[in-house]
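Okay, here's what each chain looks like letter by letter:
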Amino acid sequence: MTAETVRVSPAWLRLREPADAAARASDLVEQIQPYLPAGDRALIHDLGCGTGSMGRWLAPRLTGPQHWMMYDRDADLLTGAAAEMPGAAADGAAVTIETRQRDITRLDPGDLAGASLITASALLDMFTAGELERFAATCARTGCPVLVTISVIGRVELTPADPLDARVAGAFNAHQRRSTGGRRLLGPDAVGAAVDAFTRLGLDVLVRPSPWRLGAAQADLTAEWFSGWVGAACEQQPELTVAATSYARHRVAEATAGRLSVRVHHLDLLARPR
Ligand SMILES: C[S@@+](CC[C@H](N)C(=O)[O-])C[C@H]1O[C@@H](n2cnc3c(N)ncnc32)[C@H](O)[C@@H]1O
């Protein structure tokens, strides 16, 4: 892990997992099944798997035996992923898994040889433009479909609205596009860049909205998301800090009381070989 690598907390991944599961575009799953080998074991590579949320969501929605290769650079997250994958597909067929601690920006097509499907979730914004191009080209060389879910697009809606919402959103998006350790992150521009890259590489790309819809039932996630959102915005624009302190206090109180509803917009994409 490099010095500037930010570790993703397993507690945060657990907290967001139900919202991600509810948000992912299920109709894209129906498009995947025809690409999986009938009667044979599908080899599925999940890139940046974290604690395995994508596998827990997708494996039981697909039929037939599956072997999941779970990649992350964080060994602790991989341990969590290995411990909690579902053991059966939709038709009861076996689901097996294997973990690989790797930097996924350095994979080459040989690593993904024989893939039936490549997946990733909540990952693209962490790439630079060069890493995204390489990721798309490496995936495209396999000739299998690529499902990338829950990519942020820089748009959030908070109800009730507050005059500071737009300023914080702008600073947060600038933070997502920051340069760190010599890398300029794509942040909310990543999904558009991915659509362009896969299309240029000759794949057919389907895009679906996959917003988080957070209300009273998700108050814990809303409060945690909101604190991180404001914190990143203030790190980007320290001059926001004074105004944002009381803003954050009353917004978190609203969230905790179930009086704040938030829509965090994302896109899911499925890139299919023609
Ligand atoms: C926001 S988390 C999402 C995790 C999981 N896909 C999910 O939906 O819960 C992003 C994950 O990508 C991993 N990651 C980011 N960049 C990576 C890289 N270059 N190589 C390997 N893993 C990476 C992080 O460690 C983290 O587990």
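Presented here is a report on the structure given in the accompanying data block. (Residues numbered from 1 in each chain as written. Predicted model: local features only at pLDDT ≥ 70, side-chain atom pairs only at ≥ 80, totals over all residues. Heavy atoms only, no water.)

Looking now at the site of the ligand. In the vicinity of the ligand lie 17 residues, with G48, D72, D103, I104 and S121 positioned nearest. When the free accessible area of the ligand is taken as 590 Å², the share hidden by the protein chains comes to 96%. Considered class by class, the residues forming the shell around the ligand number eight nonpolar, five polar and four charged. (Near = heavy atom within 4 Å. Areas by Shrake-Rupley, 256 points an atom, 1.4 Å probe, with all protein chains shown as cover. Nonpolar A, V, L, I, M, F, W, Y, C, P; charged D, E, K, R; others polar.)

Under the counting rule described, the total for this entry stands at one cavity of 30 Å³ or more. Looking at the largest cavity, its volume works out to about 60 Å³. Contributing to the lining of the largest cavity are L47, I104, T105, L107, L112, E131, R134, F135, T138 and C139. Tallying contributions element by element places helix α5 (residues 129–142) first for the lining of the largest cavity, with five residues. (1 Å grid on protein atoms, 1.4 Å probe; cavity = no way out; pocket = protein on both sides within 12 Å on 5 of 7 lines; lining within 4 Å. Points joined across faces, edges and corners; volume = space filled by probe spheres on them. Helix = DSSP H or I, 4+ residues; strand = E, 2+ residues; numbered from the N terminus.)

With that settled, the discussion passes to helix α6 (residues 165–176). The terminal C-alpha atoms of α6 lie 16 Å apart, and with twelve residues this matches the ideal 16 Å at 1.5 Å per residue to within 8%. Close packing links the buried residues of α6 with β5 (146–159), α8 (219–236) and α9 (241–256). (Expected span 1.5 Å × (residues − 1). Contact = heavy atoms within 4.5 Å.)

Turning to the pattern of salt bridges, a few remarks are in order. Applying the stated criterion across every chain, the model contains 16 salt bridges. In this structure, E131 and R183 form a salt bridge, with 2.7 Å as the shortest nitrogen-oxygen distance. In this pair, E131 sits in helix α5 while R183 sits in strand β7 (residues 183–184), placing the two residues 52 residues apart along the sequence. Take E131: its relative accessible area is 16%, and that puts it in the buried class. Using a relative accessible area of 25% as the deciding quantity, one classes R183 as partly exposed. Here the salt bridges share partners, and the residues they tie into one network are R14, E17, R56 and E84. (Salt bridge = Lys/Arg side-chain N within 4 Å of Asp/Glu carboxyl O. Buried < 20%, exposed > 50% of the residue type's maximum accessible area, 1.4 Å probe, protein only.)

Let us look at the pairing of strand β10 (residues 261–272). Of all the twelve residues making up β10, nine are buried; the element is thus mostly covered by neighbouring parts of the structure. Looking at chain direction, β5 and β10 are connected through nine bridges and run antiparallel. Residue pairing in the sheet places S151 in a bridge with L267 of β10. One ladder, built from six bridges, connects strand β8 (residues 204–209) with β10; its direction is antiparallel. In the sheet register, P209 faces β10, and the bridge partner there is L267. With three bridges joining them, strand β9 (residues 212–214) and β10 adopt antiparallel strand pairing. Its bridge partner being in β10, W212 is matched across the sheet by V264. (Pairing = 2+ DSSP bridges.)

For the structure shown, the criterion picks out eight aromatic pairs. Judged by centre distance (6.3 Å) and plane angle (70 degrees), the ring pair of F135 and F198 falls under edge-to-face. Of this pair, F135 sits in helix α5 while F198 sits in helix α7 (residues 190–200), placing them 63 residues apart in sequence. Plain terms: the ring middles of F172 and W229 are 6.4 Å apart, the flat faces sit at 45 degrees to each other, and that makes the pair tilted. Here W229 lies in helix α8 and F172 lies in helix α6, a separation of 57 residues in the sequence. Taken individually, F172 and W229 each receive the classification buried, so the pair is uniform in this respect. An aromatic cluster is defined as three or more aromatic residues linked by ring pairs; in this entry it consists of F172, W225, F226, W229 and Y247. (Phe/Tyr/Trp six-rings, centres within 6.5 Å; stacked < 30°, edge-to-face > 60°.)

The subject of this paragraph is the environment of A197. For A197, the location among the structural elements is in helix α7. Once the C-alpha coordinates of A197 and L28 are considered, the two residues, 169 residues apart in sequence, prove to be 19 Å apart. Leaving out residues up to four positions away in the same chain, A197 has contacts with L132, E133 and A136.

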